[in-house]
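The lines below spell out each chain.
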Amino acid sequence: MVSIPPPPAHAQESEKFIDRFSLRTNTLDWLATVPNIQVGFDLFPGAYNRSSILLGVKWNWNTYHKLPPYYVFDVFDVRAEYRMHFRFKPLSNAGGKHSFFSLERKNPHSWIAHYIGGYADYSSYSIKPGANGRQGFQGGIGVSTGIEMPLYQYKGGAIDLDLGVSAGLLYTRYQQFVLSQSHSQYLFQKDGQMILPMITELRAVLSWRRHSVKEKYLEDDPELPIYRETLKNIRTAFASATKETFDGLSRPKSETKAMAESDSLYRAKFVEWIQNDQVNYEKDRLQYQDVTPQHKKALEKEIDRLGKKAIDNFDAALHKKETAARKEAEKAQREAEKARKEAEKEIKEKESE
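Now for a look at the structure at hand. Please read these numbers as outputs of a predicted model, since none were measured by experiment.

### Some details on the overall build of the protein chain
Of regular secondary structure, the protein chain possesses 6 helices and 10 strands. Looking at the protein chain residue by residue over its 353 residues, the buried ones come to 34%. Accessible surface, the protein chain: about 22,200 Å² in total, of which carbon and sulfur atoms supply 59%.

Now the structure itself:
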């Protein structure tokens with residue numbers, strides 16, 4: 001699948017590279033005595049961007065505290081996240097009702113930006129709150145959702161508030177400990193592992209940006225529907241660019257016979273057909289499509305990818321055919337050898353008689 005390309009150049013002129021960054025920290029983690037920091041980055045420049053990625057780290061390891069030494073709460077966590085941002089819009093039909101899957105609402109809050117996405121994280125931990133404790137590592141994947149809203153606006157930047165939640169599947173391997181009677185050390189008890197669904201993060205994040213979220217994720221690219229329709233047509237055309245379609249083409253009997261006798265010629269003819277009748281043809285058609293230069297470049301890359309995929313699929317089918325033929329030949333050779341040995345055995349038995 002090809003990713004959605006960046007917006008046209010006219011939407012990118014006023015934004016600097018640094019404007020796509022955000023520096024973030026989760027206040028709920030700080031309340032749990034876990035320092036944390038996260039960096040966000042908008043994938044594309046301009047007003048049409050809807051995608052961002054985040055990379056964050058939490059660290060609370062071997063920190064000093066005044067509690068008894070057998071109270072341990074050590075955590076190290078690294079998390080990567082992708083988000084797709086959107087905003088609700090007023091109903092196009094003023095007296096109608098909104099659909100759950102529609103972005104139209106009766107009274108949308110235009111100052112709120114919503115998001116949904118996915119995350120992956122890895123962490124190590126040592127949690128020993130008293131009589132029992134565990135330490136080990138864990139990894140997880142899941143989904144995130146939430147909202148972002150403007151909080152404070154300054155001359156050189158803005159602070160936004162991100163409220164959200166993440167939930168998914170978590171796998172952990174750990175060692176379980178029990179506190180000794182003297183309270184001087186933890187004694188190993190057993191190893192364990194678990195896979196379980198759970199809420200992995202609650203967020204009340206303060207986010208610093210050059211420009212507030214109220215200025216982001218606002219506009220829809222008017223060229224995007226044309227791009228998507230063109231992309232759909234290209235993929236539909238390449239869906240029939242298969243070995244079976246190629247084999248069904250009409251051609252002279254002499255050429256069919258030559259391809260049947262030579263796999264290298266067979267492959268060369270298929271590659272020529274993909275390049276000329278599929279890749280080059282679809283690229284020529286793009287010249288007459290009403291798409292932006294950026295979208296055209298992305299579509300050309302997708303055409304090349306689909307052409308390579310068709311050739312790879314052909315090679316895989318050819319390899320499967322060659323493997324089957326080789327196994328059949330080896331089987332025939334084994335059977336012939338077996339028959340030869342049986343014949344020799346019968347001859348020796350007759351001679352001995």
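### Let's talk about the pattern of salt bridges
Using the criterion set out here, one finds 25 salt bridges in the structure. Where D162 meets R24, a salt bridge forms, and the shortest distance between an N and an O atom there is 2.4 Å. A residue pair is termed long-range when its members are at least 10 positions apart, and D162 in strand β9 (residues 158-179) and R24 in strand β1 (residues 21-26) qualify at 138 residues. When its relative accessible area of 3% is taken as the criterion, R24 is described as buried. Close ionic contact of D160 with R209 constitutes a salt bridge, the shortest N to O distance being 2.8 Å. Here D160 is found in strand β9, whereas its partner R209 is found in strand β10 (residues 186-209), with 49 residues between them in sequence. In this pair, the class of D160 matches that of R209, namely buried.

### Re the sheet that holds β10
Note: strands within a sheet are paired through backbone hydrogen bonds, in either parallel or antiparallel orientation. Spatially, the 8 strands close up into a barrel ordered β1-β2-β3-β4-β7-β8-β9-β10, and their pairing is antiparallel. Adjacent strand axes in the sheet meet at a mean angle of 20°, parallel and antiparallel pairs treated alike. One ladder, built from 15 bridges, connects strand β4 (residues 72-86) with strand β7 (residues 113-128); its direction is antiparallel. Opposite H85, over in β7, you have Y115 as the bridge partner.

Basis of the calculations
Residues numbered from 1 in each chain as written. Predicted model: local features only at pLDDT ≥ 70, side-chain atom pairs only at ≥ 80, totals over all residues. Heavy atoms only, no water. Helix = DSSP H or I, 4+ residues; strand = E, 2+ residues; numbered from the N terminus. Buried < 20%, exposed > 50% of the residue type's maximum accessible area, 1.4 Å probe, protein only. Areas by Shrake-Rupley, 256 points an atom, 1.4 Å probe, with all protein chains shown as cover. Salt bridge = Lys/Arg side-chain N within 4 Å of Asp/Glu carboxyl O. Pairing = 2+ DSSP bridges. Axes fitted to C-alpha atoms, helices over the stretch in contact; angles between N-to-C directions.

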